[in-house]
Amino acid sequence: MTRVLRDIRNNLLEFVRTFGAFQLFFLRLLRHSPAILSTRFGLVIKQVYNTGAQSLVIIMVCGLFVGAVLALQAYSNMAIFNAEDWTGVAAHLALVKELGPVMTAILFAARAGTALTSEIGLMKATDQLSAMEMMAVNPVRRELVPRFLGGVIAMPFLAAIFSATGMFGAHIVGVELFQVDVGSFWQQIQLIGESADVNEGIIKSVVFGFAASVIAVWEGYNAMPTAEGVGRATTRTVVITAISILVFDFMITAALI
Amino acid sequence: MLSYAATDGPDWNTLGDYSENLIEIHDLKYSRGHRAIFDGLNLTIKRGEITALMGPSGTGKTTLLRLITRQLIPEQGAIFVDGIDISTLNQTELYQLRQRFGMLFQNGALLTDLSVFENVAFPLREHTKLSNRLIRHIVLTKLHAVGLRGAADMMPAQLSGGMARRVALARAMVMDPEILIYDEPFVGLDPISLGVIVRLVRRLNDALGITSIVVSHDVEEIATVADCSFLLSDGKVAASGSPDELRTANSELVRQFMHGMADGPVAFHYQAPGYEEQLLGRDIE
Ligand SMILES: Nc1ncnc2c1ncn2[C@@H]1O[C@H](COP(=O)(O)OP(=O)(O)OP(=O)(O)O)[C@@H](O)[C@H]1O
Ligand SMILES: [Mg+2]
């Protein structure tokens, strides 16, 4: 019994310690960010391109189908009330406020986040980070911060692209397939949709961008420097990001209501 | 000596006591887990010489290099580089000090997303504002010295182990450091490159007045290149002196190591329970 309690206590301590270290790490990334943004913007652009281009196709394909499914569901439910014109609004709200940011962040974690983690983990395992240290180059600043910023910058754009392709998918299903009047499909959105909805989506995707990027970079930096350790770290990136995103999503939504 | 580093070197004339010893290690203790790797190690490295660190695999030679460059922090004891206690340095000072080092890692540690050329150019691009033309000139010269000018456009993944090590050597010397640290530079080289690299190490040392620290198992190569060598064993310096002195020393341990005998004071096996016992499974908990 005492052993169980001791285990619990140790795990709790370990958790608090890790969480504290994580926060310090986050602050460290933030502290270096302005300097990197102003003096080494090229490095950041390269990472925006890396993470963004990597995720673009998967984001667009998923966005298209998510939008299409939303339109299917919305149409079949709205049809009960003869409110087929509202298909567009339903898809729009679901995409912009929820599914756009959330799905993008989770897809980002799976595609770009894992790549960030394994890249950094491998650099660590092959002494590249130590080699930088020895060349008097701060690896956090040179390698981690640009990757972090790349993710932070790419995320809102990816979320916007997800929502846009999603609306395209919804249009195909609603207008082309179910023959909802194209004018009302889009006009309802103008009438009902508010900029607050879009803002909510933007806030979420920005927060998710920070969360997903810092988790991916942290996991890579703290991976055990072996093949197995790096593999495990990439899995953790996806799992931890997915959970944090959903928790944050709930908190932000609750705060904005 | 050319120096592209942004920092000013020390004034060699005012160094007093430390002018002869570039690196001093006093009573160093360091352990990994429960295993003490160093336990009261004392060692000095003289300025301008080639110092060899030898010892059985796993004695902590790489660890010692990491301690000297403060990639690791000792539990006890002090390490002085050029008279400075390195444990007192803050990050900026540490980086200034590290600019005076060049280090060849055991596995090369080339940056995998940069080409060979960019790898060698990396320190120059990070620390200097030299023009592209000049950087190109310097990098190609260094690559030429290790015989790999033709590989400038290749990516590290396309190199063999020995080639990667030679590129890493070019990178280590590109800033014209005062202290060059080589972790196993001779492993995995064919006899021709080996000869070239051995001479290169010697030449860098003599022509540029660099202080070199070479970790190697290779008793023969060390004998041709080192001025002074230390044999590490059991967390301490087991023997030291010129290679010739070591070769003729009559300590059993030194003889064993220098002549490659399996039996002697140094156990070939990492500490383990009895072979027979373990095979018969008697000590399984
Ligand atoms: N990250 C680590 N965690 C735990 N133990 C380690 C770690 N790195 C090294 N060790 C241990 O420290 C000891 C010394 O390692 P080190 O790499 O310094 O040996 P070495 O003398 O360079 O050996 P070699 O000649 O094989 O390169 C080894 O016994 C190793 O088990
Ligand atoms: Mg080693």
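Before reading on, note that the structure itself is shown above.
Given the structure is predicted, the values throughout are model-derived calculations rather than measurements.

The next point concerns the packing of helix α3 (residues 116-127) of chain B against helix α5 (residues 161-172) of chain B. All names here are of chain B. At their nearest, the axes of α3 and α5 sit 8 Å apart, and the two run at 30 degrees to each other. In this view, α3 runs roughly parallel relative to α5, as classed from their interaxial angle. The handedness of the crossing between α3 and α5 is right-handed. Residues Val116, Asn119, Val120 and Pro123 of α3 form the contact with α5, whose own contacting residues are Val167, Ala170 and Arg171. Partitioned by chemical class, the residues of the contact of α3 with α5 number five nonpolar, one polar and one charged.

Next up on the list: the pairing of strand β10 (residues 236-241) of chain B. Residues and elements named next belong to chain B. When strand β9 (residues 228-233) meets β10, the two strands line up antiparallel, connected through five bridges. Bridging from a neighbouring strand, leucine 231 pairs with alanine 239 of β10. Hairpin connection from β9 to β10: two residues lie between these consecutive antiparallel strands, with aspartate 234 at a positive phi of about 55 degrees.

For the rest of this paragraph, the subject is the packing of helix α2 (residues 41-78) of chain A against helix α3 (residues 87-125) of chain A. All names here are of chain A. For the pair α2 and α3, interaxial distance at closest approach is 8 Å and the crossing angle is 150 degrees. Judged by the angle between their axes, α2 and α3 are roughly antiparallel. As α2 runs across α3, the sense of the crossing is right-handed. When its residues are assigned to classes, the contact of α2 with α3 shows 20 nonpolar, six polar and one charged.

All names here are of chain B. Relative to the helices and strands, valine 254 is located in helix α9 (residues 252-259). When the C-alpha positions of valine 254 and glycine 195 are compared, they lie 25 Å apart, and in sequence the two are 59 residues distant. Apart from the residues within four sequence positions on either side, valine 254 is in contact with Leu231, Ala239, Leu246 and Ala249.

All names here are of chain B. Surrounding the magnesium ion (ligand 2) are the protein donor atoms Thr62 (OG1) and Gln106 (OE1), at 1.9 to 2.4 Å. Remark: glutamine 106 occurs in the loop between β6 (101-104) and α3 and threonine 62 occurs in helix α1 (residues 61-68); sequence separation between them is 44 residues. Accessibility expressed as a relative area gives 36% for glutamine 106, which makes it partly exposed.

Let us look at the pattern of salt bridges. Close approach of charged atoms lets side chains of opposite charge pair. Within the structure shown, the criterion is met by 22 salt bridges over all chains. A salt bridge links Arg142(A) to Glu143(A), with the nearest nitrogen and oxygen atoms 3.3 Å apart. Here Arg142(A) and Glu143(A) have matching classes, each one buried. In this structure, Asp249(A) engages Lys204(A) in a salt bridge whose closest nitrogen and oxygen atoms are separated by 2.9 Å. In this pair, Asp249(A) sits in helix α8 (residues 227-256) while Lys204(A) sits in helix α7 (residues 195-221), placing the two residues 45 residues apart along the sequence. Accessibility assignment for this pair places Asp249(A) and Lys204(A) in one class, buried. Via salt bridges that share partners, Arg40(A), Glu119(A), Arg142(A), Glu143(A), Arg147(A) and Glu126(B) belong to a single interconnected network.

A few words now on empty space enclosed by the protein. Per the counting criterion, the structure on display carries four cavities of 30 Å³ or more. Taken as a whole, the largest cavity spans an internal volume of roughly 160 Å³. As for the largest cavity, its lining consists of 16 residues, and the residues nearest its centre are Met134(A), Met135(A), Phe101(B), Gly102(B) and Ala172(B). Those elements that provide at least two residues to the lining of the largest cavity are α4 (128-134) of chain A together with β6, α3 and α5 of chain B. Broken down by element, the lining of the largest cavity gets its largest block of residues, three residues, from β6(B). A class-by-class count of the residues in the lining of the largest cavity yields eleven nonpolar, three polar and two charged.

All names here are of chain B. Reading across the sheet, the six strands line up as β6-β7-β8-β3-β9-β10 and stay open at both edges, with mixed pairing between neighbours. Edge positions in the sheet fall to β6 and β10, since each of these pairs with one other strand and no more. Between one strand axis and the next, the sheet turns by 15 degrees as a mean value, whatever way the strands run. As judged from the four bridges shared by β6 and strand β7 (residues 179-183), these two strands associate in the parallel manner. Among the inter-strand pairings, glycine 102 is bridged to a residue of β7, identified as leucine 180.

All right, on to the interface of chain A and chain B then. Counting residues at the interface gives 18 residues for chain A, matched by 21 residues for chain B. Viewed at the interface, chain B and chain A are joined by four salt bridges. Across the chain A-chain B interface, the total number found is eight residue pairs in polar contact (both at pLDDT 80 or more). The class makeup of the residues in the side of chain A that touches chain B is seven nonpolar, four polar and seven charged.

Residue and element names in this part refer to chain B. Pairing within the open sheet is antiparallel, and its four strands lie in the order β2-β1-β4-β5. Each edge of the open sheet carries a strand with a single partner, namely β2 (35-46) and β5 (84-85). With nine bridges connecting them, strand β1 (residues 21-32) and β2 associate as antiparallel partners. Pairing of arginine 32 across the sheet is with arginine 35, part of β2. Contacts from α1 reach β1, β2 and β4 (76-81), with the element oriented near 120 degrees to β1.

Residues and elements named next belong to chain B. Val139, Leu143, Val146 and Tyr182 are the most contacted members of the largest nonpolar core, which totals 52 residues. When residues of this core are traced back to their parent elements, those giving at least two are β3 (50-54), α3, α4 (132-145), α5, β7, α6 (191-208), α7 (219-225) and α9. Ignoring anything within four residues of it in the chain, the contact list for valine 139 reads Phe117, Val120, Ala121 and Leu124. With 43 residues, the next largest nonpolar core counts Ile23, Leu67, Ile68 and Leu89 among its residues.

Let us look at the site of ligand 1. Residue and element names in this part refer to chain B. The immediate surroundings of ligand 1 are formed by 13 residues, with Arg35, Ser57, Lys61, Thr62 and Thr63 found nearest. At a separation of 3.4 Å, a nitrogen atom of ligand 1 approaches a polar side-chain atom of arginine 32. The side chain of glutamine 106 places a nitrogen or oxygen atom 2.9 Å from an oxygen atom of ligand 1. When ligand 1 is considered free in solution it has 640 Å² of accessible area, and contact with the protein chains removes 64% of it. Those elements giving two or more residues to the shell around ligand 1 turn out to be β2 and α1. Top contributing element to the shell around ligand 1 by residue count: α1, with three residues. Residues that form the shell around ligand 1 fall into these classes: one nonpolar, eight polar and four charged.

Reading the values: the criteria
Position labels on residues start from 1 in each chain and follow its written sequence. Each chain takes a letter, starting from A, and each ligand takes a number, starting from 1, following the order in which they are written. Where local features are concerned, this predicted model is filtered to residues with pLDDT of at least 70; where side-chain atom pairs are given and counted, the filter is 80 or more; whole-chain, interface and lining totals use all residues. Neither water nor hydrogens contribute to the side-chain values; these are computed over all heavy atoms in the structure. Axes, fitted as lines to C-alpha atoms, cover a helix only where it is in contact. Angles between the N-to-C directions of the axes lie from 0 to 180 degrees. Secondary structure is summarised from DSSP: a helix means a run of H or I of at least four residues, a strand means a run of E of at least two, and numbering begins at the N terminus for each. Here is the rule for angles: anything less than 35 degrees is roughly parallel, anything more than 145 is roughly antiparallel, 65 through 115 is roughly perpendicular, and the remaining ranges are oblique. For any pair of crossing helices, the crossing counts as left-handed if the nearer helix is rotated counterclockwise from the farther one by less than a right angle, and right-handed if it is rotated clockwise. Residue contacts are defined here by distance: any two heavy atoms, one from each residue, within 4.5 Å place the two residues in contact. Charged residues are taken to be Asp, Glu, Lys and Arg, nonpolar residues to be Ala, Val, Leu, Ile, Met, Phe, Trp, Tyr, Cys and Pro, and polar residues to be all remaining types, Gly included. For two strands to be treated as a pair, DSSP must find no fewer than two bridges joining them. Counted as donors are the N, O and S atoms within 2.8 Å of the metal, or 3.2 Å for Na, K and Ca, while water is not among the atoms, so some sites may look incomplete. Relative accessibility under 20% of the residue-type maximum defines a buried residue, over 50% an exposed one, and the middle range a partly exposed one, all with a 1.4 Å probe and only protein chains included. Take a side-chain nitrogen of Lys or Arg and a carboxyl oxygen of Asp or Glu: if they are within 4 Å of each other, that pair is a salt bridge. Space inside and on the surface of the protein is sampled on a 1 Å grid over the protein atoms alone, with a cavity defined as a set of points where a 1.4 Å probe fits but cannot get out and a pocket as an open set with protein on both sides within 12 Å along at least 5 of 7 lines; lining residues have an atom within 4 Å of a point. Grid points are joined across faces, edges and corners, and a volume is the space filled by probe spheres set on the points. For the purposes of these results, a polar contact is taken to be a pair of N or O atoms within 3.5 Å, where, inside protein, one atom must be able to donate a hydrogen and its partner to accept one; residues adjacent in sequence count only when each atom of the pair is a side-chain atom. For this analysis, a nonpolar core means a set of buried residues of the types Ala, Val, Leu, Ile, Met, Phe, Trp, Tyr and Cys, connected via side-chain atoms within 4.5 Å. Being near a molecule or strand, for a residue, means having at least one of its heavy atoms within 4 Å of it. Values of accessible area rely on a 1.4 Å probe in the Shrake-Rupley scheme; residue burial ignores everything except the protein chains shown.

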